[in-house]
Amino acid sequence: MKSNAKAFIAFSMGIILLATAISEGQFGDIADLIVEITSSAIAGIPTP
Amino acid sequence: MTWHKKGKANLTKLRLLRTFVQFIMFLLMNLSFFLIGATWLVLPVVMPKSIFTTSEGAFDLLQRMLTTAIIPLIPLASFFLIGAVFGRMFCSWGCPFGLFQDIIGFLTSRFNKYEPTKDTNDSYRQIGEFIVGGSVLVSVVIGIGIGLGDAEQVKASFGVFSEQPWTALSPATFLFTVIPLLFYWGTIDTFFSWETFVQIDIFFWIRFLIFAGGLILIIYVPRGWCRWFCPVGIIMGQLGKNSMIGVGRNISKCTHCGICEDVCPMGVRILSHPPEKVRSEHCTNCLDCVAACPEDAMEIKFL
């Protein structure tokens, strides 16, 4: 398969994933996830 | 390497421009500096959540969504859309950890650098593939466990890895989250008092050792972390091989002088690739080869 075709397939998949994410309201769902620092990220840091 | 004056000047200009763009991207991802709240700017770069970050790197968010039992459509869309068009361009033009590697590389430019062979590049890259596969697998297992059973029990079983398995170990998290938080919380003082110093969690030292190892690596191997271990780079490299934007070589102008290969920070053997486009999972479209070519044989190609 030509690489141009592969690039277009990957781009189309991206569009489909984005459209699905918008229709599922996923941007609202992740608002909290984006704001908070996870326990994994702060693991082991001495706390005040 | 016999340097051409024009090529050297072009390369310096391009690297300055790239550093400027990298700083702008870093600020865009840390808009809390300007009191702006969370954004949905999910880019295929290494950017763990920290004090000032208002968006998150796609792989960090992907793990977070999987371990919360949400199908990670947004980070996947980010990978596919950006990867299909730009390839790994964000690794060199937008990634904050890439900027850190460039700064360290510049500061240690007088050191003897190790230039790995293609085989070494490919074999060490398998470690990065293992990191991607392992992190996704663990995240999926946690997500399924949380979706089907007792969330608290599953989280307790996986401990510090329960929300973002790779982010917990990533040297980028140590740099962008751990170090700023030590200052923000004021707990940096802990390191100057023996009584509190000895109480520091062992996991902190594990993270520190990984960060120190990564630092030594990038001192001696230019962009060593990007080449071999970065999960985002591994994913974007696969998409980047067939991306719409890339670099190609005009064979009527090319004299095979090899300057393009010498300046490539990722060690891509450009002359061994087809002239119409460099199809390497390591190429980050940094455009150093385009700027440095004395014959203007290297070109930006679209489709």
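Residues numbered from 1 in each chain as written. Chains lettered and ligands numbered in written order. Predicted model: local features only at pLDDT ≥ 70, side-chain atom pairs only at ≥ 80, totals over all residues. Heavy atoms only, no water.

A. Spotlight on the interface of chain A and chain B. Between chain A and chain B, the residue contacts involve 35 residues of the former and 49 residues of the latter. The contact between chain A and chain B buries some 3600 Å² in all, and 74% of this surface belongs to carbon and sulfur atoms. Taken together, chain A and chain B are joined by eleven residue pairs in polar contact (both at pLDDT 80 or more). Residue assignment for the side of chain A that touches chain B shows that the elements contributing at least two residues are α1 (3-23), α2 (26-29) and α3 (31-35) of chain A. Counting residues per element, the side of chain A that touches chain B draws most heavily on α1 of chain A, which supplies 14 residues. Among the residues forming the side of chain A that touches chain B, the class breakdown is 22 nonpolar, ten polar and three charged. (Contact = heavy atoms within 4.5 Å. Buried area = accessible area lost by both parts, 1.4 Å probe. Polar contact = N/O pair within 3.5 Å; in protein donor to acceptor, adjacent residues only side chain to side chain. Helix = DSSP H or I, 4+ residues; strand = E, 2+ residues; numbered from the N terminus. Nonpolar A, V, L, I, M, F, W, Y, C, P; charged D, E, K, R; others polar.)

B. Seen up close, the confidence of the model for chain B. When pLDDT is averaged along chain B, the result is 90, and 98% of the positions lie at 70 or above. Among the scores for the predicted complex, ipTM is 0.92 and pTM is 0.91. (pLDDT = per-residue confidence, 0-100.)

C. Geometry of the packing of aromatic side chains. Residue and element names in this part refer to chain B. Across all of its chains, the model carries 22 aromatic pairs over all chains by this definition. Centre to centre, the rings of phenylalanine 191 and phenylalanine 204 are 5.5 Å apart; their planes meet at 50°, and the pair counts as tilted. Of this pair, phenylalanine 191 sits in the loop between α8 (171-184) and α9 (194-197) while phenylalanine 204 sits in helix α10 (residues 202-220); the two residues are 13 residues apart in sequence, bridging distant segments of the chain. You can call phenylalanine 191 partly exposed: its relative accessible area is 22%. With relative accessibility at 2%, the residue phenylalanine 204 sits in the buried group. The interplanar angle of 75° and the centroid separation of 6.1 Å between the aromatic rings of tryptophan 228 and phenylalanine 229 together place this pair among those described as edge-to-face. The exposure class of phenylalanine 229 is buried, given its relative accessible area of 16%. (Phe/Tyr/Trp six-rings, centres within 6.5 Å; stacked < 30°, edge-to-face > 60°. Buried < 20%, exposed > 50% of the residue type's maximum accessible area, 1.4 Å probe, protein only.)

D. Region of the structure containing the pattern of salt bridges. All names here are of chain B. The final tally for this structure, using the stated rule, is nine salt bridges over all chains. The partner of aspartate 288 in a salt bridge is arginine 18, with the nearest N and O atoms 2.7 Å apart. Highlighted residues: aspartate 288 in helix α14 (residues 288-292) and arginine 18 in helix α1 (residues 5-28), separated in sequence by 270 residues. The residues aspartate 288 and arginine 18 share a single accessibility class, namely buried. Note that glutamate 299 and lysine 301 form a salt bridge whose closest N and O atoms lie 3.9 Å from each other. The partly exposed category is assigned to glutamate 299, whose relative accessible area is 26%. (Salt bridge = Lys/Arg side-chain N within 4 Å of Asp/Glu carboxyl O.)

E. Quick peek at unusual backbone geometry. All names here are of chain B. With a phi close to 60°, histidine 256 is a non-glycine residue in the positive phi region. Structurally, histidine 256 is set in the loop between β1 (245-249) and α13 (259-263). Unusually for a residue other than glycine, asparagine 285 sits at a positive phi of about 50°. Relative to the elements of secondary structure, asparagine 285 occurs in the loop between α13 and α14. For asparagine 285, a relative accessible area of 5% puts it in the buried group.

F. Main features of the pairing of β1 of chain B. Residue and element names in this part refer to chain B. Burial analysis of β1 places five of its five residues in the buried class, which makes it a mostly covered element. The alternating pattern of β1 places Ile245, Val247 and Arg249 and Gly246 and Gly248 on opposite faces, both of which are buried. Of the pairings in the sheet, the one linking β1 to strand β2 (residues 298-302) comprises five bridges and is antiparallel in character. The partner of arginine 249 across the bridge, within β2, is methionine 298. (Pairing = 2+ DSSP bridges.)

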